[in-house]
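Okay, here's what each chain looks like letter by letter:
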Amino acid sequence: MDLLEAKFKIDYPGFNLDVEMRIPSKGVSVVFGPSGSGKTTLLRCLSGLEKPSLGYLKIDGHVWQDEESFIPVQDRKIGLVFQESRLFPHLNIKKNLLYGYQRTFPDERKLQFDEVAQVLNLENLLQRRPEKLSGGERQRVAIGRALLTSPKLLLMDEPLASLDMQLKTEIIPFIKKIEKEFNTPIVYVTHSMNEVLQLVDTMVILKAGKVENIGPVQEVFSDVRLREAIGDEQLGAVLETLVTEHDESFGLTKLDFMGQVLHVPRQHIPVGHSLRVHIHSKDVILSTLSPAGATSVLNVLRAKVKKVGELKPKGYSVDIELDAGRPILATITRKSLSKLNLQPGQPIYAHIKAIKMMHELEGL
Amino acid sequence: MDLLEAKFKIDYPGFNLDVEMRIPSKGVSVVFGPSGSGKTTLLRCLSGLEKPSLGYLKIDGHVWQDEESFIPVQDRKIGLVFQESRLFPHLNIKKNLLYGYQRTFPDERKLQFDEVAQVLNLENLLQRRPEKLSGGERQRVAIGRALLTSPKLLLMDEPLASLDMQLKTEIIPFIKKIEKEFNTPIVYVTHSMNEVLQLVDTMVILKAGKVENIGPVQEVFSDVRLREAIGDEQLGAVLETLVTEHDESFGLTKLDFMGQVLHVPRQHIPVGHSLRVHIHSKDVILSTLSPAGATSVLNVLRAKVKKVGELKPKGYSVDIELDAGRPILATITRKSLSKLNLQPGQPIYAHIKAIKMMHELEGL
Amino acid sequence: MDIPLMDAEPIWISLKLAGVTVVILLVLGTPIAWWLAQTRSHYRVVIESLVALPLVLPPTVLGFYLLIILGPHGWVGGPVKALTGSTLSFSFLGLVLASTLYSLPFVVQPLHSAFESIGKVPMETAQSLGASRLDAFFSVITPLARRGYLTAIVLGFAHTLGEFGVVLMVGGNIPGKTKVISIEIYDRVEVLEYTQAHILSAGLLIFSFLILVIVYSINRKLPMQVT
Amino acid sequence: MDIPLMDAEPIWISLKLAGVTVVILLVLGTPIAWWLAQTRSHYRVVIESLVALPLVLPPTVLGFYLLIILGPHGWVGGPVKALTGSTLSFSFLGLVLASTLYSLPFVVQPLHSAFESIGKVPMETAQSLGASRLDAFFSVITPLARRGYLTAIVLGFAHTLGEFGVVLMVGGNIPGKTKVISIEIYDRVEVLEYTQAHILSAGLLIFSFLILVIVYSINRKLPMQVT
Amino acid sequence: TPQIVWSGEAYIAVASNFLNPLKEIAEHFKQDTGNRVVLISGSTGKLYAQAKHGAPFDILLAADSKRPVLLEREGVGVIGTRFTYAVGNLVLWGLGEVHGEQSLAKLSEGKLAIANPKTAPYGRAAQQTLEQLGHWNKLQPNLVRGENIAQTLQFVATENAKLGFVAKSQLTDPRFKLKGNSWEVPADMHEPIFQQAILLKPGLNNFCAKQFLKYMNGSAAKNIIRNYGYHLIEE
Ligand SMILES: Nc1ncnc2c1ncn2[C@@H]1O[C@H](COP(=O)(O)OP(=O)(O)OP(=O)(O)O)[C@@H](O)[C@H]1O
Ligand SMILES: Nc1ncnc2c1ncn2[C@@H]1O[C@H](COP(=O)(O)OP(=O)(O)OP(=O)(O)O)[C@@H](O)[C@H]1O
Ligand SMILES: [Mg+2]
Ligand SMILES: [Mg+2]
């Protein structure tokens, strides 16, 4: 039942959206894809702002839209953060924030004004007009305005694009909290790998108006076919781990990944919390030998070879798909490949040279 | 003479800009700072769109603005990319792009339409109206439109904020090329560390309307005082290196950093080109011993201790400023500190656990 | 020089007429203008053109046709008379009808262009925040169209105040009932009572000027407009 | 029924008058409206109010005052006569002047609100791309204010076409010179030549309707408006 | 509504040129009878159209005879109540010197204002006079037409026209002693300008209206009418 099923077909001159997708109607789903691939259009379809020639939308068993029926935007109880902030120029910030709030039944209001204003750092701006705000301030007001409608479905189109790191690290946990506490599914458009890794459960990858791939974030990041869509740099693995111990003397934190141990620089996360780590495929070195003491600083995972990628005529490297309980992608040189003589099913040690990004998944 | 000197004072209710700065009038200067710190306002002052109560601007010895004189916007020959795309709704994309181009004397035109349209991937959109573009497409048109004026000074306000990685990696080299080939100084606002590292020569750090720091990117990133402004994660070092060798068998590229050697995963950059690498302070481990064979996979730099940071009562870590020809910041645990007994001037080995980001500085 | 001992009735009737007409025009013009700004129907152009047509005829001639239509045997006046026993022509109600028709373009046109320049974004945004279209119209579109409303009210009011061709014809210039200030001034000029005409004109101008200054000053205080 | 053998002159004069007036009004109204939309001067409110005032007076009365001003001893007519030897009253030029004054609000008001709703962003953007303010005005502001210009032209043209109070007074109804179609129709009604009046009115209405339909259709073809 | 008109009050529609004398008459009428009349002025054409379309007028005092005749014929006017209450006198008037017919002959570039011959009786009379004198064609370029006799006068009063054919009643209006000089056009130069009155249907049962019509024929009224420069039919 916890399912969002959608099917939309739109024909613009020069662009066709033709999307069919089934994603969990919980957690954060990110819509990812190059500029002009139809992300905004898809969000508009989901919101009901766009009435496609062919459209179907069913959430948790309730049909929002099919050939016969169409729940209009204002009755969908969605929260929509547009790519541009779209504040109402005639209302001050406070009234902008309250616009949707006042149109929500009091017993459906889950968030309170003060909390939202505080988290988004808008408290000093409440009496100002939108025209007197900076770009990032406007964007935050737009986020707050949508959140204050206490939506059943939150659609966000690059909401944090023009915010600084500091604000992002304050707002992202808040969004995660909303998702968790109020069970609000979020469909989120972003180009930022950072945000993807911090927020996302499911990835929907769009390309030229079509769905290229849908899947849990852990699978998508080790899918060679998505090299282009996700970006060469980013592929590798996203691993969900558990903080098991802090080693103060070495300044290290020990993580448990499906029974195996990973070391990362000391994280300020309590033991027992989970941490999502991102490994780039180029930072994975393969070896048929178990790690010797000398290299113990490096992280090593036992895995199995799943598939050996094709050698490109001119390429220096080749992709190896591994299975370490979760999929991992390794990119090694031709030379290493010929030395190792890899076969599917063969056990192997994956030396992780560097863990690129780490993101806490559960609250402080 | 290659100097941009500016002094602006603006009083808004609730916000005061009070900036005085002298930066090189060549290369890329990034204006960095939290949302609402006055970046856009500063750019508007530089462009002449804002006429501050107190303003002074001198570029390469020419006064653009002081108490008596004021060169109006349209005569400053600037290229301005606004935070919002601000396309002209009544003109199609081609005419938008050509608006400034046609108002530039033919012999001052340095860029040609076709090249710009191609790099920005706008070729298929030329006949469309702005309203029918996606957010990222609009932003690209805005960039192109500003570039096509062949400006003497390019001011860009988060120009790549809503673009995907792929496009960014195509557009950034183009911007660099314009800066280099045509000697066009660029003042660039961004929140993206990525863009900073790829583009920037000089950093101007704003905070609440005042300049917190100005300096070459290599120095700024190792300045502990900027921890908050730049972001905890980012501090460490930015090193300019030279590609000296590719080691195909190990899939490594050798870099020369002021006579010392660094190894990074194989880069597709010709030997002789320079590469900027970014090291996070937490990835630097200090040791009084020279590297043993066992740890040869790690990069080690000889350095001197410059200053030992203060211990915070509850902190696990302490900042050590090093001098390896260029400043490097290391963050180590209290335990390590007490073991090492560091003194200013003392020689030390900095083990670089991971090089976070690498960016080519000179063309392919 | 003898100061004319005017009774205030024509002034009062004028103001009442202009006021009532503007209110009706706003109520009527708003949906028409909104429909014109929204629709993609092919009739749009036709309605748009029809709205402007009353302007083209000389007021007296328009009044003449209205007289026929509103009179006891007219399309409109006939049925009304049959139902209510009273005719529309030569009544205040008739004046209101006539002024409404004649001033319609002054209200519909500015509103139409205001609505059009607002575009569809604010409506979309309001709806996405849970506002019904009607709610959004009053909470977002109307305030954004403020300048258009101002133009509509000023043109509509001033024009109704100044108009007399239609009013004279349909209303019949009946003192205390349909004799408005513009006719009063006209009459004074007609019977060569220039002094009185000057005084009345000056009074009307000064009074209108003051009202306009107040209206525009208030408008100026309320800020708006954004990037 | 005898078809009136009309000479086409009054129609032609009307069209010429309306056309010339509208052109002058656009030329004159554009800077006024732009100034009103831009200035922060305290006089703004005063000018804004003054512009609307001609509407308030009954046309014939306005015409009467214009007759005084434009006459051989008037503020305007006097100097003109001294310079050129001819008076403004009873001339086509006089008609144009009078119509211009009377229709000024219909042009200034829509333009003013169009300019105001455009805001300062497009001008800033154009300037940042190297356009002078004048260049930017014509290449960016004017096209963006298209809808306002359309309203201004339609209201200004139609009103000048239909107006006859002022025109009659200032023009003196001279056939071939200042006799316009609206007076012609009015006269027919006055002398009970209803059939001819009907035909003329119908002709004027149909003609205007067609023009309007064409104008609006063209306008519709040109897209605009953006987020 | 028309029915509400109570006894002791009547609505009288009057051609603008006769409004001032009628005001005076009404004043006397009120003093003599205690009854009140409400005056509604306008151009004869307009008043005719309104009367025909249900205006609550009890009496029409037209500026010509054509419209009353029509109303009578169309059943809006009460048959047998029509009579000529005044005969208009045409004068040539100017602020400068006026030497009768010669002034017309000498008028070179100045304007000559007349009322619109098509719509106004005084205009037609002016045209007939000019034709009689043989100036009609010659003076075409000099002619400007007022919509009615009042506008014609305004053209001259504001010095936009040098001369104008106006009604004698306008010049002799005791309240506005207008400056300038005039030449009374001999009555044989044009058809007489009969201004006729008629009782209208709404006034059929209005005692006051009938009483007023009678009063118009009385000597008090006639004196006033004469004072304004009109002739009366008996003379
Ligand atoms: N017209 C104005 N009146 C009052 N305050 C203003 C006005 N314009 C901007 N501000 C304020 O000035 C501050 C700086 O604005 P600015 O747009 O320069 O910020 P910024 O650094 O560009 O931020 P961002 O990264 O969010 O775009 C903000 O706090 C903003 O609210
Ligand atoms: N009204 C329209 N008519 C024609 N084409 C349109 C229209 N609206 C959008 N498009 C095109 O549809 C494509 C998808 O647009 P969309 O806004 O969904 O892209 P996006 O994935 O959100 O891109 P971005 O990351 O740049 O915001 C774009 O190529 C755009 O040019
Ligand atoms: Mg988009
Ligand atoms: Mg900004």
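Up top is the structure these notes are about.
As the structure is a computational prediction, the values presented were derived from the model and not from experiment. (Residues numbered from 1 in each chain as written. Chains lettered and ligands numbered in written order. Predicted model: local features only at pLDDT ≥ 70, side-chain atom pairs only at ≥ 80, totals over all residues. Heavy atoms only, no water.)

Draft legend 1. Focus on the overall build of chain C. Along its length, chain C carries 11 helices and 0 strands. Secondary structure of chain C in N-to-C order comes out as α-α-α-α-α-α-α-α-α-α-α. C-alpha extents for chain C along the principal axes are approximately 65 × 45 × 30 Å. Out of the 227 residues belonging to chain C, those deemed buried represent 62%. When contacts within chain C are restricted to residue pairs at least 6 apart in sequence, long-range pairs at least 24 apart make up 70% of them. Entry remark: accessible area of chain C is about 8200 Å², with carbon and sulfur atoms responsible for 74%. (Helix = DSSP H or I, 4+ residues; strand = E, 2+ residues; numbered from the N terminus. Buried < 20%, exposed > 50% of the residue type's maximum accessible area, 1.4 Å probe, protein only. Contact = heavy atoms within 4.5 Å. Areas by Shrake-Rupley, 256 points an atom, 1.4 Å probe, with all protein chains shown as cover.)

Draft legend 2. Structural detail: the site of ligand 1. Taken together, the neighbourhood of ligand 1 is formed by 20 residues, with R128(A), G136(A), E137(A), T40(B) and T41(B) sitting nearest. Around ligand 1, the neighbouring residues derive from chains A and B rather than from a single chain. K132(A) places a polar main-chain atom, nitrogen or oxygen, 3.2 Å from an oxygen atom of ligand 1. Between an oxygen atom of ligand 1 and a side-chain N or O atom of Q83(B), the distance comes to 2.8 Å. For ligand 1, whose free accessible area comes to 640 Å², the fraction covered by protein is 92%. Looking at the shell around ligand 1, the elements that each hand over two or more residues are α4 (135–147) of chain A together with α1 (39–47) of chain B. (Near = heavy atom within 4 Å. Polar contact = N/O pair within 3.5 Å; in protein donor to acceptor, adjacent residues only side chain to side chain.)

Draft legend 3. View of the interface of chain C and chain D. Contacts between the two partners involve 60 residues from chain C and, on the opposite side, 60 residues from chain D. Summed over both sides, the interface between chain C and chain D buries roughly 5400 Å², with carbon and sulfur atoms accounting for 69% of that surface. For the chain C face of the interface with chain D, the top three residues by lost area are V56(C), R147(C) and R220(C), together amounting to 13%. On the surface where chain C and chain D come into contact, there are 4 salt bridges. Across the salt bridge formed by R147(D) and E116(C), the nearest N and O atoms sit 3.7 Å from each other. Inspection of the region where chain C meets chain D yields 14 residue pairs in polar contact (both at pLDDT 80 or more). Among the secondary structure elements, those contributing two or more residues to the side of chain C that touches chain D are α2 (43–52), α3 (59–70), α5 (92–118), α8 (146–162), α10 (181–190) and α11 (194–221) of chain C. Sorting elements by how many residues they give to the side of chain C that touches chain D places α11(C) first, with 14 residues. (Buried area = accessible area lost by both parts, 1.4 Å probe. Salt bridge = Lys/Arg side-chain N within 4 Å of Asp/Glu carboxyl O.)

Draft legend 4. Molecular detail of the coordination of the magnesium ion (ligand 3). All names here are of chain A. Ligation of the magnesium ion (ligand 3) by protein atoms is provided by T40 (OG1) and Q83 (OE1), these donors lying 1.9 to 2.3 Å from the ion. In this pair, T40 is assigned in helix α1 (residues 39–47) and Q83 in the loop between β6 (78–81) and α2 (93–101), connecting sequence segments 43 residues apart. Judged by its relative accessible area of 27%, T40 falls in the partly exposed class. (Donors = N, O, S within 2.8 Å, 3.2 Å for Na, K, Ca; no water.)

Draft legend 5. Broad picture of the interface of chain E and chain C. Listed per partner, the contact involves 26 residues of chain E and 25 residues of chain C. With both chains or domains summed, chain E and chain C bury close to 2100 Å², and 62% of this area falls on carbon and sulfur atoms. Where chain E packs against chain C, one counts 0 salt bridges. At the boundary of chain E and chain C, one finds 3 residue pairs in polar contact (both at pLDDT 80 or more). Only α1 (19–33), β2 (36–42), α2 (44–52) and α6 (149–157) of chain E provide two or more residues apiece to the side of chain E that touches chain C.

Draft legend 6. Spotlight on the packing of aromatic side chains. Counted according to the given criterion, the structure contains 23 aromatic pairs over all chains. Ring geometry for F106(C) versus F106(D): centroids 4.6 Å apart, planes at 10 degrees, classification stacked. Highlighted residues: F106(C) in helix α5 and F106(D) in helix α5 (residues 92–118), drawn from two different chains. We classify F106(D) as buried; its relative accessible area is 0%. An aromatic cluster is present here, built from W34(C), F115(C), F137(C), F138(C) and Y149(C) joined pairwise through their rings. One residue, R145(A), lies across the ring of F88(A), its end atom 4.9 Å from the ring centre. One Lys or Arg, K16(D), reaches over the ring of F92(D) and ends 4.6 Å from the middle of that ring. (Phe/Tyr/Trp six-rings, centres within 6.5 Å; stacked < 30°, edge-to-face > 60°. Lys NZ or Arg CZ within 6 Å of the ring centre and 35° of its normal.)

Draft legend 7. Geometry of unusual backbone geometry. Residue and element names in this part refer to chain B. A positive phi is found at N121, a non-glycine position, where the angle reads about 60 degrees. Tracing the sequence through the fold places N121 in the loop between α3 (113–119) and α4 (135–147). Here E158, not a glycine, exhibits a phi torsion of approximately 45 degrees, which is positive. One can find E158 in the loop between β7 (153–157) and α5 (165–182). Note on E158: relative accessible area 5%, which makes it buried.

Draft legend 8. Quick peek at the side chain of R140(B). Summarising the element assignment, R140(B) is placed in helix α4. This buried residue, R140(B), is left without a salt bridge; E137(B) holds the nearest opposite charge, at 4.4 Å. Within the local environment of R140(B), its side chain forms a polar contact with the side chain of S35(A), the two groups lying 2.7 Å apart. Once you skip the residues sitting within four places of it in the chain, R140(B) turns out to touch S35(A), L120(B), N121(B), L122(B), L163(B), L167(B) and I171(B). (Lys, Arg positive; Asp, Glu negative; His and termini not counted.)

Draft legend 9. Expanded view of the site of ligand 2. Near ligand 2 there are 20 residues, and of these S35(A), T40(A), T41(A), R128(B) and S134(B) occur at the shortest range. Nearby residues around ligand 2 are contributed by chains A and B. A distance of 3.3 Å separates an oxygen atom of ligand 2 from a polar atom in the side chain of H191(A). Note that an oxygen atom of ligand 2 is positioned 3.2 Å from one of the backbone N or O atoms of K132(B). Protein contacts shield 91% of the accessible area of ligand 2, which totals 640 Å² for the unbound molecule. Sorting the residues of the shell around ligand 2 by element identifies α1 of chain A together with α4 of chain B as the ones contributing at least two each.

Draft legend 10. Layout of the packing of α3(C) against helix α11 (residues 194–221) of chain D. At their nearest, the axes of α3(C) and α11(D) sit 12 Å apart, and the two run at 110 degrees to each other. Here α3(C) lies roughly perpendicular to α11(D), going by the angle between them. Our pair here, α3(C) against α11(D), has a crossing hand that is left-handed. Contacts between α3(C) and α11(D) pair V61(C), F64(C) and Y65(C) from the former with Y194(D), A197(D), H198(D) and S201(D) from the latter. Of the residues assigned to the contact of α3(C) with α11(D), the class counts are 5 nonpolar, 2 polar and no charged. (Axes fitted to C-alpha atoms, helices over the stretch in contact; angles between N-to-C directions. Parallel < 35°, antiparallel > 145°, perpendicular 65-115°, else oblique. Left-handed = near helix turned anticlockwise from the far one by under 90°. Nonpolar A, V, L, I, M, F, W, Y, C, P; charged D, E, K, R; others polar.)

Draft legend 11. Inspection of the sheet that holds strand β7 (residues 143–146) of chain E at higher detail. All names here are of chain E. Judged by pairing direction, the sheet is mixed, and its 5 strands sit side by side in the order β7-β6-β8-β5-β9 without closing on themselves. The strands lining the two open edges of the sheet, one partner per strand, are β7 and β9 (181–184). Here the strands of the sheet are splayed against their neighbours by 30 degrees on average, with no regard to which way each runs. Both strand β5 (residues 90–94) and β9 contribute to a ladder of 4 bridges, which runs antiparallel. Each residue of the ladder has a partner; that of V91, found in β9, is E184. Along the sheet, α6 makes contact with β5, β6 (112–115), β7 and β8 (163–167), crossing β8 at roughly 145 degrees. (Pairing = 2+ DSSP bridges.)

Draft legend 12. Molecular detail of helix α1 (residues 9–38) of chain C. Along its 30 residues, α1(C) runs 43 Å from first to last C-alpha, staying within 8% of the 44 Å computed at 1.5 Å per residue. A maximum bend of about 30 degrees is found in α1(C) at G29(C), where proline P31(C) lies one to four positions downstream. (Expected span 1.5 Å × (residues − 1). Bend = angle between axes of the 7 residues up to and from the residue.)

Draft legend 13. Structural detail: the relation of the copies chain C and chain D. Once turned by 180 degrees and shifted 0.1 Å along the axis, chain C lies on chain D with an RMSD of 0.2 Å. Expressed as an axis order, the relation between the two copies is that of a two-fold axis. No C-alpha of chain C approaches the rotation axis more nearly than that of P110(C), which lies at 3.1 Å. Comparing interface residues between copies, 100% of those in chain C also sit at the interface in chain D, which points to an isologous, same-surface contact. (Least-squares fit on C-alpha atoms with pLDDT ≥ 70 in both.)

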